[in-house]
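One letter stands for each residue in the lines below.
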Amino acid sequence: MFPRIFLNDYVSDVTSKFLPAGRSPWQVNVINCFFRGEEYQICLVRVHHLLLRLEHLSLADFLPLKYSTENWACEESDSPFTNLYVEPSALPRLHQKLTENFSNYWNEFLCNNDPIERPEIMKKRIGVFQCIKIGVIVLVATSKELTRQYRKSEGLRFFDFFTILQREVNKRNFGIFITFYAVLRIFHPIDTIYSILAWSWYLFIMLTLKTPVLIFREFQALQSKYKHFYPDTLISMIWCYLPLIIQATIEVFSITWIAIGAPKLILEELFLKHPQANRLQTISPCGRKVVAWSEEVSLDVLKKISSVTGATDAEILLTAIVDSLKEYFRHSGVRIPDDVLTTAKFVNQKAIFLHNHETRGIVCLALPTRTPLFEDDLLEILQVIQRNVQETRAKQSAIYAITATETSCGLISSSFPSILLKLILNQLSRRYSLSLTHVDGNLQVEGVDAAVYWRPPQGNCNMSITLHRYGNGVRLGVMGDALIGPQHSIITRTFPKSLQNLSAIVGVPKTPVLENQSRSPSPHSVSPTTSPGY
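Reading the values: the criteria
Residues numbered from 1 in each chain as written. Predicted model: local features only at pLDDT ≥ 70, side-chain atom pairs only at ≥ 80, totals over all residues. Heavy atoms only, no water. Patch = residues over 30% accessible without salt bridge, like charges linked within 9 Å, V, L, I, M, F, W, Y side chains within 5 Å. Areas by Shrake-Rupley, 256 points an atom, 1.4 Å probe, with all protein chains shown as cover. Salt bridge = Lys/Arg side-chain N within 4 Å of Asp/Glu carboxyl O. Helix = DSSP H or I, 4+ residues; strand = E, 2+ residues; numbered from the N terminus. Buried < 20%, exposed > 50% of the residue type's maximum accessible area, 1.4 Å probe, protein only. Pairing = 2+ DSSP bridges. Polar contact = N/O pair within 3.5 Å; in protein donor to acceptor, adjacent residues only side chain to side chain. Contact = heavy atoms within 4.5 Å. Core = buried A, V, L, I, M, F, W, Y, C linked by side-chain atoms within 4.5 Å. UniProt positions renumbered as here; feature names shortened; annotations may be inferred.

A.B. asks: How should a nonpolar patch on the surface be read in this particular structure?
C.D. replies: On the surface, a nonpolar cluster with roughly 710 Å² of combined accessible area is contributed by Tyr-105, Leu-234, Met-237, Ile-238, Leu-242, Ile-246 and Ile-250. Per-element accounting of the nonpolar patch gives the leading share, six residues, to helix α8 (residues 234–272). Summarising the element assignment, Tyr-105 is placed in helix α3 (residues 90–113). The class for Tyr-105 is exposed, based on a relative accessible area of 56%.

So, in structure tokens, the structure goes:
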């Protein structure tokens, strides 16, 4: 047991040091381990969270990982921290169709009325309607150019609009005099008579020839099973857009309902719920981080417990975490609270190894350390956790959607004052001082026998816990402020024992926990080196 603790302490000592100033905000340490005469390597990758978030980097950007997409299984995780609401599908499809159709109509409009596309338009006198069409084209082109320059620069001056507008007008040889002459043509008697005759002839042709043909095609489209065979008919348009509009309207009402209930829910989570919960640490954090990880727990154990209790793997693991936290509180001399409040997030295995661009939300969850009937009964704790998870999934779709939106596009940070956001986040991280990450997925990377992922606690959070499934096992990773150490390793040491105790309570035959040495050998000698990309 000593070598594993030695390796754990060594890695924790490396992570407790700040990344060097003036260098790239990432670091790779390669630790050479000798076990039973064979050499193994452990790669410790440290990356600043802003670099991961803004550049969407993953382990594949720092390590030469080998993987095959043929072995990827398209299975959804049963994690309770994902898919809290059905993402809108009709709204994006409606937006896409409207955008495509508008783009087609607009391009056709430009081909017929833009003097740049058709210079012959300005070689003769034009009327008021043609002036209006060209004016619309000029305004749209001006707005596009303004938007493009605004994105490239920090801002625009007031007079830039008139400069760009004049440039677009000059491109089309369209000026105030042409508009003036077009208005005068309205009062010219010959032009007025010519316009009346032209409109009369157009209406006559429409009513006598074109309208019957259009009505006949509408009847054809109405009787046909394949409405898309008649794309230029009103029936085809209604058949295409009406279901989408109805579904999109339902989604809008659903989103509006979530948005209306969001302020009340957020206030309850910030101030009202779980008054007896307290923080994991009562002193100010120093900023340095220490880590620990547990022995690997076989998925077979979780499946056997699940078959007896009906709980998901995540709920069973949360029960073991609660028991481990209670042991941590006892050794730390801190009063065991009624609940440990945590913010939970799901991360897909592929997002860590390959593509770090997924959008996931965060939920708030209470982990009960005291239960109504028995204080230390793991089965009752499991039942309470199941109820809490169900309540969280039923009521916190707004929090999940808001945090997911903030992660994807920063909507909240760009809409509210930064001081208000800091106050809210300060209060939220003070109450929810534990950050939980559930890593799941069945991605196998060649040459990687085991993996542990840590997310650093931020704000007033003092500790983060990761449930990382890789292959056929699950590990618990803990990262906390350096002032918490070394008590934080109590959680990882107690975690496998807690699962064994739970399996014994529910009557599952005892299965030995997979030893960490079987997949991640413990070194008798450790020789750290640093990659060239330090």
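A.B. asks: Looking at this structure, I do not really get the pairing of strand β6 (residues 362–368). What am I missing?
C.D. replies: Across a regular strand the side chains alternate sides, sitting on one face of the sheet and then on the other. Summarising burial for β6: six of the seven residues are buried, a large majority. In this sheet, β6 lies alongside strand β5 (residues 339–348) in antiparallel orientation, the contact comprising seven bridges. Along β6, the bridge assignment pairs Leu-341 with Ala-366.

A.B. asks: What am I meant to see in the side chain of Ser-464 here?
C.D. replies: Tracing the chain through its elements places Ser-464 in strand β8 (residues 463–470). Residue Ser-464 is classed as buried on the basis of its relative accessible area, which comes to 1%. Engagement of the side chain of Ser-464 in a polar contact is seen with the backbone oxygen of Arg-455, the distance being 2.5 Å. If we skip the residues at most four places from it in the chain, Ser-464 touches Leu-434, Ser-435, Arg-455, Pro-456, Pro-457, Gly-477, Val-478 and Met-479.

A.B. asks: Quick question: what am I supposed to make of the pattern of salt bridges here?
C.D. replies: Where charged atoms of side chains with opposite charge meet at close range, the side chains can pair. Taken as a whole and assessed by the stated rule, the structure comprises 11 salt bridges. Put simply, Asp-338 and Arg-370 hold a salt bridge, and the shortest N to O gap is 3.1 Å. Placement of Asp-338 in the loop between α10 (313–332) and β5 and of Arg-370 in the loop between β6 and α12 (378–395) is noted, with a sequence separation of 32 residues between them. Overall, Asp-338 belongs to the partly exposed group, its relative accessible area being 24%. Since its relative accessible area comes to 36%, Arg-370 is described here as partly exposed. Across the salt bridge formed by Asp-440 and Arg-469, the nearest N and O atoms sit 3.0 Å from each other. Note that Asp-440 is positioned in strand β7 (residues 434–440) and Arg-469 in strand β8, a separation of 29 residues in sequence.

A.B. asks: How do you make sense of the nonpolar core when you look at a structure like this?
C.D. replies: Residues Leu-318, Ile-321, Leu-325, Leu-367, Ile-465 and Phe-495 are the most contacted members of the largest nonpolar core, which totals 45 residues. The greatest single-element share of this core, amounting to nine residues, is contributed by α10. Leaving out residues up to four positions away in the same chain, Leu-367 has contacts with Leu-318, Ile-321, Val-322, Leu-325, Asp-338, Asp-339, Val-340, Thr-342 and Leu-434.

A.B. asks: Can you help me understand unusual backbone geometry in this one?
C.D. replies: A negative phi angle characterises most non-glycine residues, just as the trans form characterises most peptide bonds. Positive phi values are uncommon outside glycine, yet Asn-83 reaches one of about 55 degrees. You can call Asn-83 partly exposed: its relative accessible area is 41%.

A.B. asks: It is not clear to me how the UniProt feature "transmembrane region" (unreviewed entry) in the protein chain should be interpreted in this structure. Could you clarify?
C.D. replies: Mapped onto this structure's residue numbering, the UniProt feature "transmembrane region" (unreviewed entry) falls at residues 174–190, 196–216 and 237–260. Taken end to end, residues 174–190 is 65% helix and 0% strand, and its two terminal C-alpha atoms sit 24 Å from one another. Helix makes up 100% of residues 196–216 and strand 0%. Its end C-alpha atoms lie 29 Å apart.

A.B. asks: Teacher, can you tell me more about the environment of Glu-145 here?
C.D. replies: Its location among the elements puts Glu-145 in helix α4 (residues 128–152). Assessed through its relative accessible area of 15%, Glu-145 is described here as buried. Residues Glu-145 and Glu-168 lie 23 residues apart in sequence; the distance between their C-alpha atoms is 9.6 Å.

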